[in-house]
Amino acid sequence: MACESGSRLTVRLLALATVVLWLCACPGRVAALEERIEDLSASVEVASIFSLGLSRTSLAFNNVSPGKTQILGEGRGFNEIRCRSNSGRPWYLKAQLVSLTHVQGAHHLPAASLKWKIVDSTGNGEPVGGRSDFHEFSEQPALIYASQGDDDRGHEVILRFQYSLSAPLDALAGNYIGQIVFTMAETP
Amino acid sequence: MSGGVVEWRSGTVRRLATGPLCRFATAVWCCLLVATPAFAALELSTDHRSLFFGLMQPGEEKALAQSGSFHTEVTCASTGGVTWYLKISLLQPLTSGAESIPFENVGWQVTRTDGNGTVVTPNQFQSFSATPNLVYISGPGEADGRPVRIQFRYLLKLPEAQVSGAYQANIRFTLTEVL
């Protein structure tokens, strides 16, 4: 009787040990079978934007007397430049005055006769020299604005300009024509 | 002699049938039956069409598949006998180097299913998230091995201010019996 009881106990212990071993051997199998996974790739190519736009491309100063100054765009400004880049790299806006030449001869007005001022900006940077004063044009490309912060992530930066022309006292009478070139570049 | 052999054999069989070895084998077999988890035969497959949005301008919006159509078909099946769930997630934002497109700009929509279960957000785009979003809850009789097809379309709205580049990510479908 005692032998049979011991035998049953042995059997139960062996069975229990077998089950424990079996469960320990395959826990991952139990968990993994509870779910299935499928992955798909997603992709997009975001286009590159690097643009410069200018409104009102003709600056006409009328009848400026020698020694006098005339301003275009008093108040909110004369025209605006729109710059946009999403390259993620800094960009720079430069300006130069190619010439202000008398239409009937070789006489020039000095580049410094014409000045610019940024009166308003939507960018994160500040115009070179600030917004309160006019700055002389140069015959060489000169920096007028450098992008800051999110300016190079696709935000459009709008710069509103005023211009002033001061005719020298010794300026010859007549019409003068010149060309202002704005350049947007990733090199300063 | 032959009668003795028969008697010996009968005794052996009787001893084998009622002996400790048999009881052990029976006990182990019964325990394994009880302890064996109900293995759910879950099956999940897709048509393996990647989400290729191509070239897009900042600010542009593009859907993969027009309204009423689909881009991806997911097939789910279970013989587990219990309710199953399909979930969807975006493992990480669409990323290009250090730049990324926010989760909320990428959406998914169930356009159709042949199942009788519940589409959690029918007929509307939902933003992706890294946390799996519940898409579908199986209905009656859908845990008997019958395949259920669920069709998806996708939407990407590029922010106005987004740095150019090639962005990539992975979306994940999860079929599970855990809500």
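Residues numbered from 1 in each chain as written. Chains lettered and ligands numbered in written order. Predicted model: local features only at pLDDT ≥ 70, side-chain atom pairs only at ≥ 80, totals over all residues. Heavy atoms only, no water.

1. Section: the sheet that holds strand E8 (residues 142-146) of chain A
All names here are of chain A. With antiparallel pairing, 3 strands are arranged side by side in an open sheet as E8-E5-E10. Looking at which strands have only one partner, the edges of the open sheet turn out to be E8 and strand E10 (176-185). Sheet twist, expressed as the mean angle between neighbouring strand axes with direction ignored, is 25 degrees. Pairing of strand E5 (residues 92-102) with E8, which is carried by 4 bridges, proceeds in the antiparallel orientation. The residue bridging Lys94 from the neighbouring strand is Leu143, located in E8. (Pairing = 2+ DSSP bridges. Helix = DSSP H or I, 4+ residues; strand = E, 2+ residues; numbered from the N terminus. Axes fitted to C-alpha atoms, helices over the stretch in contact; angles between N-to-C directions.)

2. A look at the environment of Val98 of chain A
Residue and element names in this part refer to chain A. Looking at the secondary structure, you find Val98 in strand E5. Accessibility expressed as a relative area gives 42% for Val98, which makes it partly exposed. Here the alpha-carbon distance between Val98 and Phe137, two residues 39 residues apart in the chain, equals 9.5 Å. Not counting chain neighbours up to four residues away, the residues in contact with Val98 comprise Gln179 and Val181. (Buried < 20%, exposed > 50% of the residue type's maximum accessible area, 1.4 Å probe, protein only. Contact = heavy atoms within 4.5 Å.)

3. Notes on the nonpolar core
Counting residues in hydrophobic clusters, the biggest one holds 38 residues, and the most contacted among them are Val44 of chain A together with Leu86, Leu94, Phe152, Tyr154, Leu156 and Phe173 of chain B. In this structure Leu156 of chain B touches Val44 of chain A together with Phe53, Met56, Glu60, Glu61, Lys62, Leu94, Ile101, Asn105 and Val106 of chain B, once residues within four positions along its chain are discounted. Within the second largest apolar cluster, 27 residues are counted, among which are Phe61, Ile81, Tyr176 and Phe182 of chain A. (Core = buried A, V, L, I, M, F, W, Y, C linked by side-chain atoms within 4.5 Å.)

4. Let's talk about the environment of Pro147 of chain B
Residues and elements named next belong to chain B. Secondary-structure assignment places Pro147 in the loop between strand E11 (133-137) and strand E12 (148-157). On the basis of relative accessible area, Pro147 is assigned to the partly exposed category, the value being 42%. Placed 32 residues apart in sequence, Pro147 and Gly115 show a C-alpha to C-alpha distance of 8.3 Å. Residues contacting Pro147, with those up to four places away along its chain left out, are Thr75, Cys76, Ala77 and Asp114.

5. Describing unusual backbone geometry
Residue and element names in this part refer to chain A. Here Arg56, not a glycine, exhibits a phi torsion of approximately 50 degrees, which is positive. Considering the arrangement of structural elements, one finds Arg56 in the loop between strand E2 (50-54) and strand E3 (69-72). Of note in this structure, Asn63 is not a glycine but carries a positive phi near 50 degrees.

6. Some details on the confidence of the model for chain B
All names here are of chain B. Confidence along chain B averages 86 in pLDDT terms, with 78% of residues attaining 70 or more. Counting interchain partners and residues more than four positions distant, the pLDDT-below-50 stretch residues 1-10 has 0 contacts. Between residues 28-38, whose pLDDT stays under 50, and residues either more than four places distant or in other chains, the model counts 12 contacts. (pLDDT = per-residue confidence, 0-100.)

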